[in-house]
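# Geometric and topological summary
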Amino acid sequence: MKYLIGDLQGCCDALERLLKKIDFSPSRDQLYFLGDLVNRGPASLRTLRRLSGLGAAATCLLGNHDLHLLAVAHGARKVSKGDTLNDILDAPDRPALLDWLRQQRLAVQAQGWLMVHAGVLPDWSVAQTLSLAAEVEALLRGPDLAEFLPQMYGNEPDRWSEDLRGPERLRLIINALTRLRFCDAEGRMDLKTKGDSASAPPGWLPWFDAPGRRSAGQPIAFGHWSTLGLLQRPDLLALDTGCIWGGQLSAARVEHGRCLELIQVQCEQAQKPG
């Protein structure tokens, strides 16, 4: 069986309950985690160890919280209020876990689905999305990561251009794939609004409703947007169902670009909104 799983954010107990509910077998099943593997939940270290131990049975995407962990670990960012990363930072196997994290993906196409953590800009085709993600993946695995991480943060540039180069190009790609919720009809990103799909400022709309989106028709699965919650359309699946806020952890059994079944477990609240 093939399963797509929404944001974990360090909620390892919920993950174990979900794996038990689907009767997970690493020799039979394939799991795809849609990013934000760690942070804010109570067991970030245990979650990272569990995921890295799954080997080829799991494909993990990186979310904004996972990149934040790399930035903190490299001294490019300080631990923020609400972070639950210290257990990883103090762990004896920290180097191995961080090295494993650096090998993970920003976008994956498998089982008929394009998978990202947050969104896809309307100007990007599926092939371009995968190609741009690969640029960031190469950086994460290479020798220049520590130099780039202090430059990763910021909301500019807010619109894609083929002419972008260097840190600005990489920052925009990362922002789109790991932070995007709203954009305008021209593909300009609003990275500040965090409400549900109805809370878009005038002139802005959810990225997946942008007119002329080049990836339209390709089934896309994503997480990141807990205030949006579960969203199922024929070519769209949003799976961040707010585990750390006391919601659910969700898995979708998929095949050939279709969602065949939704499996959920209830989660204990690890963080309070605001």
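What this report covers is the structure whose coordinates are included nearby. Residue numbers run consecutively from 1 along every chain, following the written order of its sequence. Side-chain atom pairs in this predicted model are given and counted only at pLDDT of 80 or more, local residue features only at pLDDT of at least 70, and totals for whole chains, interfaces and linings cover all residues. With hydrogens and water excluded, all non-hydrogen atoms of the structure serve as input to the side-chain values.

## Notes on the state of the cysteines
Any two cysteine sulfur atoms lying within 2.5 Å of each other are counted as a disulfide. In this structure the tally under the stated criterion is 1 disulfide. For Cys243, the disulfide goes to Cys267, at an S-S distance of 2.5 Å. On the sign convention where negative means left-handed, the S-S torsion of about -100° between Cys243 and Cys267 marks this disulfide as left-handed. Placement of Cys243 in the loop between β11 (236-238) and β12 (248-255) and of Cys267 in the segment after β13 (258-266) is noted, with a sequence separation of 24 residues between them. Both residues of the pair, Cys243 and Cys267, count as buried. No disulfide involves Cys259; its sulfur sits 18 Å from that of Cys267, the nearest cysteine. Only protein chains enter the accessibility calculation, which uses a 1.4 Å probe. A residue is then buried if its area is under 20% of the maximum for its type, exposed if over 50%, and partly exposed in between. For Cys259, a relative accessible area of 27% translates into the label partly exposed. By definition, any uninterrupted DSSP run of H or I lasting at least four residues is a helix, any uninterrupted run of E lasting at least two residues is a strand, and each is numbered from the N terminus.

## Looking at the packing of aromatic side chains
Two numbers describe a pair of aromatic rings. These are the distance of the centres and the angle of the planes. Aromatic pairing here means that ring centres of Phe, Tyr or Trp (its six-membered ring) are within 6.5 Å. Orientation follows from the plane angle: under 30 degrees is stacked, over 60 is edge-to-face, and everything else is tilted. Scanning the entire structure with this criterion turns up 6 aromatic pairs. Centroid distance Trp124 to Trp160: 5.8 Å. Interplanar angle 85°. Geometry classified as edge-to-face. Highlighted residues: Trp124 in the loop between β5 (113-116) and α6 (126-141) and Trp160 in the loop between α7 (145-148) and α8 (166-179), separated in sequence by 36 residues. Taking the relative accessible area as the measure of exposure, Trp124 reaches 0% and is therefore buried.

## Here's the deal with the sheet that holds strand β6 (residues 182-183)
Two strands pair if DSSP finds at least two bridges between them. Strand order in the open sheet formed by 3 strands is β7-β6-β8, with antiparallel pairing between adjacent strands. Each end of this open sheet is capped by a strand with a single partner; those strands are β7 (189-190) and β8 (205-206). Two strands pair when backbone bridges link them, and β6 and β7 are joined in this way by 2 bridges, in the antiparallel orientation. Bridging from a neighbouring strand, Cys183 pairs with Met189 of β7.

## Description of the sheet that holds strand β9 (residues 220-222)
With mixed pairing, 5 strands are arranged side by side in an open sheet as β4-β5-β9-β11-β10. Both outer strands of the open sheet, β4 (107-110) and β10 (231-233), are each paired with one neighbouring strand and no more. Going from strand to strand, the sheet's axes swing by 15° on average, the running direction of each strand aside. Where β9 meets β11, 3 bridges bridge the pair, whose relative direction is parallel. Directly across from Ile220, in β11, lies its bridge partner Leu236. Any pair of residues with heavy atoms lying within 4.5 Å of one another is described as a contacting pair. Convention adopted: a line fitted to C-alpha atoms gives each axis, helices being fitted over their contacting stretch, and angles between N-to-C directions are expressed from 0 to 180 degrees. With respect to the sheet, α6 is in contact with β4 and β5, its orientation differing from that of β4 by roughly 135°.

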